[in-house]
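# Working through the structure, step by step
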Amino acid sequence: MFRVLCGVPLFLSFLAPVLSASSQTITLDWEVTWVWAEPDGFGRPVIGINNTWPCPVIEASIGDTVVINLKNKLGNETTGLHFHGINQINSNYMDGAVGTSQCPLPPNHSVTYSFTANEAGTYWYHSHNMAQYPDGFRGPLIIHNPKDPYLDHYDADVLLTLSDWYHAQSPKIVQEFLQPNNTNFQPPRPDGVLVNEGSDGVIPIEPNKTYRFRIINFSALTAAFVAFNALQMEVIMVDGTYVHKSTANQLRVLTAQRYDVLVKTGPGSKQNYPYLIALDTNPDYLAKDANPPIGFHHNFTGQLANDVNGNLAGKSAVDHFYPQDDMLLSPFDNQSAFEPVTKQWVLNFDYCDDVNGYPRACFNGKTFIGQQVPTLYSVLSLGKNNTEVSAYGQVNAFTIPYGGVLEIIINNHDTAIHPFHLHGHQFQIIERAASHAGNYSRSKTVPDRPIRRDTVHVNSKSYTVLRIRATNPGVFLFHCHIEWHVEMGLTATLIEAPERLSNYTVPKGFIDICKAQGVATEGNAAGHEDWANTKGFITVNPTSYAG
């Protein structure tokens with residue numbers, strides 16, 4: 001069996017991997033460093049690991065413990081590490097969301113991340129600090145399952161990562177678009193597209209074999225259409241949730257989403273199969289009479305190659321994109337809809353201006369503003385008052401007690417499609433209305449077995465309804481996964497089962513990096529023991545930006 005990354009086959013074994021039945025500890029010693037790279041021919045600094053980029057693949061099996069000793073050697077930027085899709089059950093302090101579950105990791109300091117790989121699937125890791133992942137600090141995280149229900153349905157694993165790419169570094173990009181003259185709230189547009197972080201897209205295959213493609217979108221802005229024109233896909237997993245097999249000719253993979261699909265090759269030993277990756281930079285690719293017109297300006301054609309010395313110039317043409325609707329997928333475990341709903345969280349998204357006239361993004365009229373104390377640390381130290389959302393400053397906090405069913409409603413007032421992600425959960429998608437459906441009033445029907453995933457799109461001028469069961473005590477961000485919109489403040493904070501967090505202990509290493517920067521680790525948003533004392537709360541966004 002082999003995994004293909006950056007066009008280089010990494011042979012693991014001849015057939016499906018032999019996975020250990022006993023748990024192991026996987027320890028990685030990483031230094032976060034600047035690296036010079038030219039993934040699309042344009043040279044620029046990127047953020048790598050141990051002086052190497054692309055960043056390495058993390059592989060584990062269910063039950064393993066993953067330990068990463070992380071040292072910041074960037075010199076000029078703080079950092080942090082989030083494991084996207086890993087729910088961090090009983091380890092919320094390892095979620096890596098800087099300002100929420102930890103302090104930033106300053107240069108020349110170290111911290112140790114450790115979590116249990118408790119759910120199989122295709123995930124990824126990335127910095128959750130100051131738009132660093134578009135600068136390269138990201139990589140695949142694969143958790144294997146010795147009892148995978150589809151293990152006998154394929155012959156080999158193939159990684160396929162997709163990304164938009166920018167030639168400027170993120171601090172410069174953010175400084176330029178977060179300006180009062182950006183009155184149309186336009187995000188920065190990418191300079192190109194990367195497949196497997198700059199590979200030529202040639203993936204060696206063999207005839208009459210079935211491959212499990214693990215597709216991950218690392219993009220900062222764009223969804224990506226994926227089509228293996230001559231070959232059909234069978235979807236078997238989305239965002240770490242097994243699904244009943246479902247055929248697809250095209251996928252639209254949002255930024256941060258993952259799809260696991262089976263692709264079977266034909267009998268011809270010389271036949272190569274072109275595949276297409278097309279970035280969707282359109283606000284709404286289905287919009288009629290769009291201005292500017294709908295267009296796909298960053299495309300990539302790769303090859304599934306039986307004959308790597310043969311014709312690698314074949315094209316993959318698509319007249320129209322009609323991607324599979326993930327609402328039609330059904331979870332493999334047949335989990336029914338969570339009921340009854342005990343609390344509802346309505347989030348109305350609009351663009352807005354802050355008091356200095358800078359363009360922001362708001363939930364319910366408020367943009368997210370990071371505070372002096374990480375929100376998790378405030379929750380842990382406020383005792384019985386930790387349910388008071390006003391204690392946490394302008395982080396758009398919401399609480400739900402343990403065991404409740406939370407229904408999250410996102411009303412998107414923008415003319416663009418947006419991807420939203422929740423930390424700590426795979427939510428059920430109860431309803432997603434078509435573009436221009438307006439605000440939610442009430443769900444027309446509740447699916448018997450709704451699909452679960454951790455990132456979902458909300459159509460333009462429309463709404464989506466999600467549900468979770470609150471059984472993972474912690475502090476979890478809910479945010480748009482367009483990274484530039486995170487920097488604009490399109491984030492809210494879910495404080496889940498705060499009544500069960502009063503005796504929660506944060507590892508000393510995380511407290512030490514706060515102390516090294518003079519950051520308080522107790523009290524409300526400003527570090528006060530009195531939860532209602534708002535003196536020192538940060539209420540205005542900074543007008544300067546640095547990594």
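Residues numbered from 1 in each chain as written. Predicted model: local features only at pLDDT ≥ 70, side-chain atom pairs only at ≥ 80, totals over all residues. Heavy atoms only, no water.

A tally of helices and strands in the protein yields four helices and 32 strands. Since a compact globule built from 547 residues should have a radius of gyration of about 24 Å, the 22 Å found for the protein is in line with a globular shape. Oriented by its inertia axes, the alpha-carbon framework of the protein measures out at about 75 × 50 × 50 Å. A burial count over the protein gives 60% of its 547 residues as buried. (Helix = DSSP H or I, 4+ residues; strand = E, 2+ residues; numbered from the N terminus. Rg over C-alpha atoms; globule rule 2.2 N^0.38 Å. Buried < 20%, exposed > 50% of the residue type's maximum accessible area, 1.4 Å probe, protein only.)

All right, on to the state of the cysteines then. In total, this model carries two disulfides according to the counting rule given. Across the disulfide, C103 is cross-linked to C514 (sulfur-sulfur distance 2.1 Å). The sign of the S-S torsion, about 105°, decides the handedness of the disulfide formed by C103 and C514: right-handed. Remark: C514 occurs in helix α4 (residues 508-515) and C103 occurs in the loop between β7 (82-84) and β8 (110-116); sequence separation between them is 411 residues. On the accessibility criterion, C103 (2% relative accessible area) is buried. Disulfide pairing places C352 opposite C362 at an S-S distance of 2.1 Å. In this structure, the disulfide formed by C352 and C362 twists by about 85° around the S-S bond and is classed as right-handed. Of this pair, C352 sits in strand β22 (residues 343-353) while C362 sits in strand β23 (residues 359-363), and the two are ten residues apart along the sequence. Accessibility classification places C352 together with C362 in one group, the buried group. (Disulfide = S-S within 2.5 Å.)

Turning next to the side chain of T78. One can find T78 in the loop between β6 (65-72) and β7. Given the relative accessible area of 19%, T78 is considered buried. For T78, the contacting residues outside a window of four places in its chain are N72, P104, L105, P106, P107, N129, Q132 and Q517. (Contact = heavy atoms within 4.5 Å.)

This part covers the packing of aromatic side chains. Inspection of the entire model under this criterion finds 26 aromatic pairs. Between Y113 and F510 the ring centres are 5.5 Å apart and the planes differ by 80°, which places this aromatic pair in the edge-to-face class. In this pair, Y113 sits in strand β8 while F510 sits in helix α4, placing the two residues 397 residues apart along the sequence. Relative to F228, the ring of F213 lies with its centre 5.0 Å away and its plane at 55°, an arrangement referred to as tilted. Residue F213 is located in strand β14 (residues 210-217), and its partner F228 is located in the loop between β15 (223-227) and β16 (233-238); the two are separated by 15 residues in the primary sequence. Its relative accessible area of 0% is what places F213 among the buried residues. Overall, F228 belongs to the buried group, its relative accessible area being 2%. The structure contains a cluster of three or more aromatic residues connected by ring pairs, namely F185, W345, F349, Y351, F363, F398, F420 and F478. The side chain of R453 reaches across the aromatic face of Y259, ending 4.8 Å from its centre. Between the NZ or CZ atom of R500 and the centre of the ring of Y402, over which it lies, the distance is 3.5 Å. (Phe/Tyr/Trp six-rings, centres within 6.5 Å; stacked < 30°, edge-to-face > 60°. Lys NZ or Arg CZ within 6 Å of the ring centre and 35° of its normal.)

This part covers the sheet that holds strand β4 (residues 44-49). Spatially, the four strands line up as an open sheet ordered β4-β3-β6-β8, and their pairing is mixed. Looking along the sheet, the strands with just one partner apiece sit at the ends: β4 and β8. Here the average twist between neighbouring strands, direction ignored, is 20°. Here eight bridges tie strand β3 (residues 25-37) to β6, and the two strands are oriented parallel to one another. The partner of D29 across the bridge, within β6, is N69. (Pairing = 2+ DSSP bridges. Axes fitted to C-alpha atoms, helices over the stretch in contact; angles between N-to-C directions.)

Assignment of secondary structure puts V193 in strand β12 (residues 192-195). V193 sits in the buried class, given a relative accessible area of 15%. Note: C-alpha distance between V193 and G96 (97 residues apart in sequence) is 27 Å. Beyond its immediate sequence surroundings of up to four residues, V193 is in contact with S163, L279, H298, N299 and F300.

F213, I215, F228, L251, F478 and W484 are the most contacted members of the largest nonpolar core, which has 70 residues in total. If we skip the residues at most four places from it in the chain, F213 touches V158, L160, I203, F228, Y259, D260, V261, V263 and L304. Counting residues in each nonpolar core, the second largest holds 56 residues, with L74, L105, Y113 and A397 among its members. (Core = buried A, V, L, I, M, F, W, Y, C linked by side-chain atoms within 4.5 Å.)

On to empty space enclosed by the protein, then. All told, the structure shown has two cavities of 30 Å³ or more when counted by the stated rule. Roughly 50 Å³ of internal volume is contained in the largest cavity. P54, C55, P140, E197 and F218 are the residues nearest the centre of the largest cavity, which is lined by ten residues in total. If you tally residues by element for the lining of the largest cavity, the top one is strand β10 (residues 138-144), at three residues. (1 Å grid on protein atoms, 1.4 Å probe; cavity = no way out; pocket = protein on both sides within 12 Å on 5 of 7 lines; lining within 4 Å. Points joined across faces, edges and corners; volume = space filled by probe spheres on them.)

A few words on the sheet that holds strand β13 (residues 202-204). Reading across from one edge, β13-β21-β20-β15-β18 is the order of the five strands in this open sheet, with mixed pairing throughout. Here the strands that pair on one side only, and so sit at the sheet edges, are β13 and β18 (251-253). On average, each strand axis in the sheet is tilted by 25° relative to the strand beside it, whichever way the strands run. Pairing geometry for strand β20 (residues 272-280) and strand β21 (residues 299-305), over seven bridges, is antiparallel.

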